[in-house]
Protein chains: 2
Amino acid sequence: MIPDIEQKRTRLSPQARAEQILEQAADLIQREGLAAVTMERLARDSGISKGLVYNYFPSRDALLTALLQREQDQLRDRGMAEALKAQTLEALVEGTTRIYLEQTHARGAVILPLLEDPSVARLMEHSRREERDQTIRYFVRAVRREYGLDLVTAITAVDTLMNLTGAMGRQVAAGTVTVEDGTAMCVQLITGGLEKLSGKRPA
Amino acid sequence: MIPDIEQKRTRLSPQARAEQILEQAADLIQREGLAAVTMERLARDSGISKGLVYNYFPSRDALLTALLQREQDQLRDRGMAEALKAQTLEALVEGTTRIYLEQTHARGAVILPLLEDPSVARLMEHSRREERDQTIRYFVRAVRREYGLDLVTAITAVDTLMNLTGAMGRQVAAGTVTVEDGTAMCVQLITGGLEKLSGKRPA
């Protein structure tokens, strides 16, 4: 059997191998916490040499950053797919909030420890700010279209309301609220707040 | 002149001396950043011996924690005074948000670096959580009274909405929004959100 496994192992493309190592790291964080993740342990759990792990990721920080980036990319891709489907601001808020809370619920045990790690946070700072700025710009356009707010008010409102969704994500991750209830509450708090701020009901 | 200054110095009560050292530390953080604060530097700037500084604060962390605690106590005392004056939920949100944003505007350069310091944050964790829980309980009662929300919904709503105010505080500290505009926006976003969530206008 050993030659057979060996053969399968060498058949993995570099992309699939990197993916396998990241998934192993995600599992390990979920089961035993971030401190359990070492290059040695990942090599052992993946049944490959430590040298091969270093071949894909030059350091533990590089590996953890790649993992967080992958989670962030998945969230952005799913969020964009939802955004393109939405016909109204309410549908846009509903779809993107649901995606965010689902991801936080399913992957919070992987993502939150990575976000709290000072080295990973520092390495990801630029990329996360870019991502956040893009999201803000998208929502600012949608909010202005629907509620006619001036640019500065719209930017300030979207920026603060994004933190509301982030706080709901922490409650979903802690298990104090379901994805379903959290999504419904965010939609009502956000659209209700924007309606009152603009002094008008949505079109 | 030296004996005279010496005499004045020894006349300070222990309370006033501790206060003077904390104020010196706050000034230093605002002018030169948190890293500039050392026990040596504080002794020099206050014109007292390093031993006397250690007499009041056993370590730099203890001193910084006392400083953050003092800021937090001032905010709570001013917030409670506002809360007692408020006759409606809107007035309660308006008064407490204004106090919070004013403090963040005036003292953000002192408070935010302290909150970001890992040792200070760890030492203050318990006290800040207690403070936060008390604030949440107070607002939950007020929100339920005005909007008739069930307990779980009210707790979740207040918890997430507090993060909205926190986010506005960061914008005020960054100078992108004034205390006046930030207060008005928070009041409209929060009360508008709660009105829609409860399905009714306030009493």
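Residues numbered from 1 in each chain as written. Chains lettered and ligands numbered in written order. Predicted model: local features only at pLDDT ≥ 70, side-chain atom pairs only at ≥ 80, totals over all residues. Heavy atoms only, no water.

Chemist: It is not clear to me how the relation of the copies chain A and chain B should be interpreted in this structure. Could you clarify?
Modeler: Put simply, the second copy of the chain is the first one after a rotation about an axis and a shift along it. Taken as rigid bodies, chain A and chain B are interconverted by a rotation of 180° and an axial shift of 0.0 Å, the fit giving an RMSD of 0.0 Å. Taken together, the turn and the small shift mark the pair as related by a two-fold rotation axis. Here 100% of the interface residues in chain A have copies in chain B that are interface residues too; the copies meet face to matching face. (Least-squares fit on C-alpha atoms with pLDDT ≥ 70 in both. Contact = heavy atoms within 4.5 Å.)

Chemist: Please explain the side chain of threonine 191 of chain B as it appears in this structure.
Modeler: With respect to the helices and strands, threonine 191 of chain B occurs in helix H9 (residues 179-198). Classification of threonine 191 of chain B by relative accessible area gives buried; the value is 1%. A polar contact of 3.0 Å, which involves the side chain of threonine 191 of chain B, links it to the side chain of lysine 196 of chain A. Setting aside its immediate chain neighbours within four residues, threonine 191 of chain B contacts Lys196 of chain A together with Glu90 and Tyr147 of chain B. (Helix = DSSP H or I, 4+ residues; strand = E, 2+ residues; numbered from the N terminus. Buried < 20%, exposed > 50% of the residue type's maximum accessible area, 1.4 Å probe, protein only. Polar contact = N/O pair within 3.5 Å; in protein donor to acceptor, adjacent residues only side chain to side chain.)

Chemist: Explain helix H7 (residues 118-147) of chain B to me, please; I cannot follow it from the model alone.
Modeler: An α-helix turns once per 3.6 residues; consequently, residues spaced three or four apart project the same way. Residues and elements named next belong to chain B. The sharpest bend along H7 reaches about 55° and sits at glutamate 125. Taken together, the buried positions of H7 are occupied by Val120, Met124, Ser127, Glu131, Ile136, Phe139, Val140, Ala142, Val143, Glu146 and Tyr147. Along its buried surface, H7 packs onto helix H5 (60-85), helix H6 (89-116), helix H8 (151-174) and H9. You can read the cap of H7 off the contacts: a side-chain oxygen lies 3.2 Å from the backbone nitrogen of serine 119, and it is on aspartate 117. Note on H7: the residue one or two positions beyond its end, glycine 148, has a positive phi of about 65°. (Bend = angle between axes of the 7 residues up to and from the residue.)

Chemist: For this particular structure, what's the right way to read the interface of chain A and chain B?
Modeler: Quoted interface sizes are often the accessible area lost when the parts come together. In this assembly, 25 residues from chain A lie in contact with 25 residues from chain B. Note on chain A versus chain B: buried area summed over both sides is about 2,200 Å², and carbon and sulfur give 63% of it. The largest share of the area that chain A buries against chain B comes from Thr160, Leu189 and Lys196 of chain A, three residues that together contribute 27% of it. Summed over the shared surface of chain A and chain B, the result is four salt bridges. The residue lysine 196 of chain B makes a salt bridge to glutamate 90 of chain A at a minimum N-O spacing of 3.5 Å. Applying the counting rule to chain A against chain B returns 10 residue pairs in polar contact (both at pLDDT 80 or more). Put simply, the parts of the chain that give the side of chain A that touches chain B at least two residues each are helix H8 (151-174) and helix H9 (179-198) of chain A. (Buried area = accessible area lost by both parts, 1.4 Å probe. Salt bridge = Lys/Arg side-chain N within 4 Å of Asp/Glu carboxyl O.)

Chemist: Would you mind going over the pattern of salt bridges with me for this structure?
Modeler: Pairs can form between side chains of opposite charge once their charged atoms are near each other. All names here are of chain B. Under the counting rule described, the total for this entry stands at 38 salt bridges over all chains. Salt-bridge contacts for glutamate 23 lead to arginine 70; the nearest nitrogen and oxygen are separated by 2.7 Å. Of this pair, glutamate 23 sits in helix H2 (residues 14-32) while arginine 70 sits in helix H5, placing them 47 residues apart in sequence. A residue is classified by how much of its surface remains accessible, and arginine 70, at 11% relative accessible area, is buried.

Chemist: Before we go on, may I ask you to explain the packing of H2 of chain B against H6 of chain B in this structure?
Modeler: Any two packed helices are characterised by the angle at which their axes cross and by the distance between the axes. All names here are of chain B. The N-to-C vectors of H2 and H6 enclose an angle of 90°; their axes lie 9 Å apart at closest approach. The angle between the axes of H2 and H6 places the two elements in the roughly perpendicular class. In this structure, H2 contributes Glu23, Ala26, Ile29 and Gln30 to the contact, and H6 contributes Ala106, Arg107, Ala109, Val110, Pro113 and Leu114. (Axes fitted to C-alpha atoms, helices over the stretch in contact; angles between N-to-C directions. Parallel < 35°, antiparallel > 145°, perpendicular 65-115°, else oblique.)

Chemist: Honestly, the nonpolar core in this entry has me stumped. Any pointers?
Modeler: For soluble globular proteins, nonpolar side chains are generally found buried alongside one another. Leu194 of chain A together with Leu194 of chain B are the most contacted members of the largest nonpolar core, which totals 56 residues. Of all the secondary structure elements, the ones that give two or more residues to this core are helix H6 (89-116), helix H7 (118-147), H8 and H9 of chain A together with H6, H7, H8 and H9 of chain B. Once residues lying within four places of it in the same chain are set aside, the contact partners of leucine 194 of chain B are Leu189 of chain A together with Leu89, Val143, Tyr147, Leu149, Ala157 and Leu161 of chain B. (Core = buried A, V, L, I, M, F, W, Y, C linked by side-chain atoms within 4.5 Å.)

Chemist: Is there a simple way to explain the environment of glutamate 130 of chain B in this structure?
Modeler: All names here are of chain B. For glutamate 130, the position within the fold is in helix H7. Note on glutamate 130: relative accessible area 43%, which makes it partly exposed. Considered as a pair, glutamate 130 and threonine 38 are 92 residues apart in the sequence and their alpha carbons are 29 Å apart.

Chemist: Is there a simple way to explain the domain arrangement of chain A in this structure?
Modeler: Residues and elements named next belong to chain A. What the domain assignment lists for chain A is domain 1 (2-56) and domain 2 (67-198). Of note, the centres of domain 1 and domain 2, computed from C-alpha atoms alone, are 32 Å apart. Every contact between the two is made by eight residues of domain 1 and, on the other side, nine residues of domain 2. Carbon and sulfur atoms make up 63% of the area that domain 1 and domain 2 hide from each other, which totals about 770 Å². When the area that domain 1 buries against domain 2 is broken down by residue, the three leading residues are Ile29, Gln30 and Leu34, summing to 56%. The salt bridge involving glutamate 23 is made with arginine 107; its shortest N-O contact spans 3.8 Å. Scanning the region where domain 1 abuts domain 2 turns up three residue pairs in polar contact (both at pLDDT 80 or more). Among the residues forming the side of domain 1 that touches domain 2, the class breakdown is five nonpolar, one polar and two charged. (Domains from an automatic or database assignment. Nonpolar A, V, L, I, M, F, W, Y, C, P; charged D, E, K, R; others polar.)

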